[in-house]
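Here is how the chains run, residue by residue.
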Amino acid sequence: MRVYSRQGLALLFGATLFVAGSLSIVVAQSVRPLPQPPPGVSVERGKYLVTAQDCNGCHTPFKNGAPDMTRMLSGHPAAERITARPTLPAGWTTAISDSNTGWAGPWGVSFTTNLTPDRGTGIGTWTEAMFIAAIRNGKKGGTGRALLPPMPWMMYGQLSDDDLKSIFMYFKSIPAIANQVPNAIIAPPPPR
Ligand code: HEC
């Protein structure tokens, strides 16, 4: 069984909320609002949005039950090999890997992507337009296949252009980490 720190639990809670739809755990922790960045487009605003919307909860690999910030936003670790969707006990739908970056469910297995500015394995060569299209349309790289759960693009796509530009600007400002995230394992459609 995995044991989570309180911070890890809170982050996992946010992530699981999307997967499960609802969850009735009360985490005994109070949180305070972050300092408000100025409106408009800025790295500072991007950091604020990324923090409050928990991109790290899924895109930063966990270590000891919390995101390992030395690997901030670098996605599912290449070394953590997952080759198939696990067989789950009756009554269960989804499973999450130890690092909190591999997600198995009816869609197959999705792996959180590398959002650092590494040019080979991250978003270093992406344009701002690609990023906005990926989040607004739920498509890989902006125009590719449909993004799989649990990426909450339907919610983030409701952010303003300035907010999405700020998030992209922040991602471009963080340390580049080379990590080749594996391709998703896409489940065949259910039989009719
Ligand atoms: C609940 C978990 C979860 C959260 C929270 C989350 N993501 Fe994701 N994200 C994923 C997964 C899983 C994928 C890969 C989906 C796939 O392969 O289809 C993904 C994919 C993406 C992609 C597409 C990358 C590509 O190659 O096209 C972008 C961009 C992205 N996320 C940005 C963000 C941002 C920005 C945030 C925070 C505002 C965020 N994500 C929060 C799980 C999450």
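This text goes with the structure placed above it.
*Asks:* Before we go on, may I ask you to explain the overall build of the chain in this structure?
*Replies:* Each helix and strand counted, the chain has 6 helices and 6 strands in total. Along the chain, helices (α) and strands (β) appear in the sequence α-α-α-β-β-β-β-β-α-α-α-β when read from the amino end. A total of 192 residues make up the chain; the buried ones form 28% of that total. Long-range pairs, those at least 24 residues apart, make up 62% of the contacts in the chain between residues at least 6 apart in sequence.

*Asks:* Is there a simple way to think about the environment of threonine 94 in this case?
*Replies:* Note on placement: threonine 94 falls in the loop between strand 2 (66–67) and strand 3 (95–96). Expressed as a C-alpha distance, the spacing of threonine 94 and alanine 104, which sit 10 residues apart in the sequence, is 5.4 Å.

*Asks:* What's the story with helix 6 (residues 161–173) in this structure? I'm lost.
*Replies:* Two residues of an α-helix separated by three or four positions point the same way, owing to the 3.6 residues in each turn. Taking 1.5 Å as the rise per residue, helix 6 with 13 residues should run 18 Å; its terminal C-alpha atoms sit 18 Å apart, in good agreement. For helix 6, the set of buried residues is Asp163, Leu164, Ser166, Ile167, Phe168, Tyr170 and Phe171. Packing partners of the buried residues in helix 6 comprise helix 2 (43–52) and helix 4 (128–137).

*Asks:* What's the story with the pairing of strand 5 (residues 108–111) in this structure? I'm lost.
*Replies:* Each regular strand displays side chains that alternate between the two surfaces of the sheet. Pairing geometry for strand 4 (residues 102–105) and strand 5, over 4 bridges, is antiparallel. Looking at the pairing, glycine 105 lines up with glycine 108 of strand 5. Connecting strand 4 to the antiparallel partner strand 5 that follows it, the hairpin turn spans 2 residues. Bridge count between strand 5 and strand 6 (residues 185–186): 2 bridges; the pairing is antiparallel. In the strand pairing of strand 6, valine 109 is matched with isoleucine 185.

*Asks:* Got a minute to help me understand the site of the ligand in this structure?
*Replies:* As a structural note, the neighbourhood of the ligand is formed by 27 residues, with Cys55, Cys58, Lys140, Leu148 and Met151 the closest of them. Secondary-structure elements contributing two or more residues to the shell around the ligand are helix 1 (6–20), helix 3 (55–59) and helix 4. For the shell around the ligand, the leading source of residues is helix 3, giving 4 residues. Partitioning the shell around the ligand into residue classes produces 18 nonpolar, 7 polar and 2 charged.

*Asks:* Sorry, what's going on with helix 2 here?
*Replies:* Three or more residues of helix 2 are buried, namely Arg45, Gly46, Tyr48 and Val50. Buried-residue contacts for helix 2 involve helix 3 and helix 6. The positive-phi residue at the C-terminal boundary of helix 2 is aspartate 54, with phi of around 60°.

*Asks:* Help me understand the packing of helix 4 against helix 6, please; the structure alone is not making it clear to me.
*Replies:* Any two packed helices are characterised by how steeply their axes cross, that is the angle between the axes, and by the distance between the axes. Their axes nearest at 10 Å, the elements helix 4 and helix 6 cross at an angle of 115°. Here helix 4 runs over helix 6; the crossing is right-handed. Along the contact surface, helix 4 presents Glu128, Phe131, Ile132 and Ile135, while helix 6 presents Asp161, Leu164, Lys165 and Phe168.

*Asks:* Even after reading the chapter, I still don't get the pairing of strand 4, so can you show me in this structure?
*Replies:* Pairing of strand 3 with strand 4 involves 2 bridges; the strand directions are antiparallel. Looking at strand 4, one finds that isoleucine 96 is bridged to tryptophan 103. A loop of 5 residues connects strand 3 with strand 4, the two strands running antiparallel in sequence, and asparagine 100 in this loop sits at a positive phi of about 65°.

*Asks:* Hey, could you run me through the sheet that holds strand 6 in this one?
*Replies:* Spatial strand order, 3-4-5-6: 4 strands in an open sheet with antiparallel pairing. Looking at the sheet topology across the chains shown, the edges are occupied by strand 3 and strand 6.

*Asks:* Would you mind showing me how to read the packing of helix 2 against helix 6 here?
*Replies:* Orientation of helix 2 relative to helix 6, taken along the N-to-C sense of each, is 95°, at an axis distance of 7 Å. Taken together, the axis directions place helix 2 and helix 6 in an arrangement best described as roughly perpendicular. On the side of helix 2, the interface is formed by Val43, Arg45, Gly46, Lys47, Leu49 and Val50, while helix 6 contributes Asp163, Ser166, Ile167, Met169, Tyr170 and Ser173. When its residues are assigned to classes, the contact of helix 2 with helix 6 shows 6 nonpolar, 3 polar and 3 charged.

Rules of the game
Residues numbered from 1 in each chain as written. Predicted model: local features only at pLDDT ≥ 70, side-chain atom pairs only at ≥ 80, totals over all residues. Helix = DSSP H or I, 4+ residues; strand = E, 2+ residues; numbered from the N terminus. Buried ≥ 20, exposed ≤ 12 C-beta atoms within 10 Å, placed from the backbone. Contact = placed C-beta atoms within 7 Å. Expected span 1.5 Å × (residues − 1). Pairing = 2+ DSSP bridges. Near = placed C-beta within 6 Å. Nonpolar A, V, L, I, M, F, W, Y, C, P; charged D, E, K, R; others polar. Axes fitted to C-alpha atoms, helices over the stretch in contact; angles between N-to-C directions. Left-handed = near helix turned anticlockwise from the far one by under 90°. Parallel < 35°, antiparallel > 145°, perpendicular 65-115°, else oblique.

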